[in-house]
Amino acid sequence: GAVVSQHPSRVICKSGTSVKIECRSLDFQATTMFWYRQFPKQSLMLMATSNEGSKATYEQGVEKDKFLINHASLTLSTLTVTSAHPEDSSFYICSAALAGGSTDTQYFGPGTRLTVL
Amino acid sequence: SQQGEEDPQALSIQEGENATMNCSYKTSINNLQWYRQNSGRGLVHLILIRSNEREKHSGRLRVTLDTSKKSSSLLITASRAADTASYFCATNGGYNKLIFGAGTRLAVHP
């Protein structure tokens, strides 16, 4: 149980286009989902916390107008990278916390590798 | 911002040897967690230790926590080639988010 999926697993896009990444909790409901970015050989950096039915909370230095997050249901959060540039190329990982539970346990998706040409 | 540091950054050992990784953090925490990441993949939760615990075991894993020194260690005993991965500690300060350390890249050679 507690499986999180991400789609797509990898995407290549042209500079200036927008890319949407989906994060789904497959067998549980998630009140809170988290979005991380990971550059090669580096750690995960939290970008934002996504709460179902409310606005996302962004970490310092993360542009909310560039990284649009929507958490429309208890099983789906989306991250849209708008007007993507080569420096946005990275590995994006989401995680989900069980509704009604604490965030002690987060379940991570397999990640999405974004390459912007 | 990143919570803390891990050392070593990279560790290379032979199968059967033990691997020890250390993690330091800066602020108070509710719990500390260790994760594993195979190259280019998602994270796998290994073990969680709460701030009132000092040591925890899970199979070949042993985790210690010293809140006075704000540090933790992960010991993998009798390592296997399949243990080759990056290992990250993450702290939960009670603000509903995990802050990850820099990670240790472990290579276990047959």
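Here the structure is shown first, and the text comes after it.
Residues numbered from 1 in each chain as written. Chains lettered and ligands numbered in written order. Predicted model: local features only at pLDDT ≥ 70, side-chain atom pairs only at ≥ 80, totals over all residues. Heavy atoms only, no water.

Caption draft 1: Spotlight on the overall build of chain B. Check the secondary structure of chain B and you find 0 helices and 11 strands. Along chain B, helices (α) and strands (β) appear in the sequence β-β-β-β-β-β-β-β-β-β-β when read from the amino end. Within the span of chain B, comprising 110 residues, buried residues form 45% of the whole. Long-range pairs, those at least 24 residues apart, make up 55% of the contacts in chain B between residues at least 6 apart in sequence. When the accessible surface of chain B is split by element, carbon and sulfur atoms take 45% of a total near 5400 Å². (Helix = DSSP H or I, 4+ residues; strand = E, 2+ residues; numbered from the N terminus. Buried < 20%, exposed > 50% of the residue type's maximum accessible area, 1.4 Å probe, protein only. Contact = heavy atoms within 4.5 Å. Areas by Shrake-Rupley, 256 points an atom, 1.4 Å probe, with all protein chains shown as cover.)

Caption draft 2: Focus on the environment of Glu6(B). All names here are of chain B. Note on placement: Glu6 falls in strand β1 (residues 5-7). Judged by its relative accessible area of 5%, Glu6 falls in the buried class. Between the C-alpha atom of Glu6 and that of Ser73, which follows or precedes it by 67 residues, the distance is 9.2 Å. Among residues more than four places away in sequence, those in contact with Glu6 are Asn22, Cys23, Trp34, Tyr87, Phe88, Cys89, Gly101, Ala102, Gly103 and Thr104.

Caption draft 3: Quick peek at the interface of chain B and chain A. Every contact between the two is made by 21 residues of chain B and, on the other side, 19 residues of chain A. For the pair chain B and chain A, the summed buried surface comes to about 1600 Å²; carbon and sulfur atoms form 51% of the total. At the boundary of chain B with chain A, the tally comes to 0 salt bridges. On inspection of chain B and its partner chain A, the count reaches 3 residue pairs in polar contact (both at pLDDT 80 or more). Mapped onto the side of chain B that touches chain A, the elements with two or more residues apiece are β4 (31-37), β5 (43-50), β9 (85-92) and β10 (98-100) of chain B. Element by element, the count of residues in the side of chain B that touches chain A is highest for β4(B), at 4 residues. (Buried area = accessible area lost by both parts, 1.4 Å probe. Salt bridge = Lys/Arg side-chain N within 4 Å of Asp/Glu carboxyl O. Polar contact = N/O pair within 3.5 Å; in protein donor to acceptor, adjacent residues only side chain to side chain.)

Caption draft 4: Representation of the pattern of salt bridges within the structure. Throughout the structure, instances matching the rule amount to 5 salt bridges over all chains. Where Asp88(A) meets Lys66(A), a salt bridge forms, and the shortest distance between an N and an O atom there is 2.8 Å. Separated by 22 residues along the polypeptide, Asp88(A) in the loop between β8 (76-81) and β9 (90-98) and Lys66(A) in the loop between β6 (57-58) and β7 (67-73) bring together distant segments of the chain. Neither residue differs from the other here; Asp88(A) and Lys66(A) are each classed as buried. With its nearest N and O atoms 4.0 Å apart, the salt bridge here joins Glu53(B) to Lys56(B).

Caption draft 5: Representation of the sheet that holds β8(A) within the structure. Residues and elements named next belong to chain A. On the basis of which strands lie adjacent, the open sheet formed by 4 strands has the order β1-β3-β8-β7 and antiparallel pairing. Two strands in the sheet have a free side with no partner beyond their single neighbour: β1 (4-7) and β7. Between one strand and the next, the sheet's axes are offset by a mean angle of 15°, whatever the strand orientation. Two elements, strand β3 (residues 19-25) and β8, share 6 bridges in a ladder whose sense is antiparallel. Paired with Glu22 across the bridge in β8 is Thr78. (Pairing = 2+ DSSP bridges. Axes fitted to C-alpha atoms, helices over the stretch in contact; angles between N-to-C directions.)

Caption draft 6: Structural context of the environment of Arg36(B). Residue and element names in this part refer to chain B. The residue Arg36 is located in strand β4 in this model. The class for Arg36 is buried, based on a relative accessible area of 18%. For the pair Arg36 and Gly103, spaced 67 residues apart in sequence, the C-alpha to C-alpha distance is 9.3 Å. Within the structure, Arg36 has its side chain in polar contact with the backbone oxygen of Ala82 (distance 2.8 Å).

Caption draft 7: Main features of the nonpolar core. Residue and element names in this part refer to chain A. In this structure, Trp35, Phe67, Leu79, Tyr92 and Leu114 are the most contacted members of the largest nonpolar core, which totals 24 residues. Listing elements by their share of this core, those giving two or more residues are β2 (10-13), β3, β4 (30-38), β5 (44-51), β7, β8, β9 and β11 (112-116). Among residues more than four places away in sequence, those in contact with Leu79 are Val19, Lys20, Ile21, Trp35, Phe67, Leu68, Ile69 and Tyr92. (Core = buried A, V, L, I, M, F, W, Y, C linked by side-chain atoms within 4.5 Å.)

Caption draft 8: Spatial organisation of the state of the cysteines. Scanning all chains against the criterion turns up 2 disulfides over all chains. Here Cys23(A) engages in a disulfide with Cys94(A); their sulfurs sit 2.0 Å apart. Every disulfide takes its handedness from the sign of the S-S torsion; for Cys23(A) and Cys94(A) that torsion is 80°, giving right-handed. Of this pair, Cys23(A) sits in strand β3 while Cys94(A) sits in strand β9, placing them 71 residues apart in sequence. Since its relative accessible area comes to 0%, Cys23(A) is described here as buried. For Cys23(B), the disulfide goes to Cys89(B), at an S-S distance of 2.0 Å. Where Cys23(B) bonds to Cys89(B) through sulfur, the torsion about that S-S bond is close to 70°, and the disulfide is right-handed. (Disulfide = S-S within 2.5 Å.)

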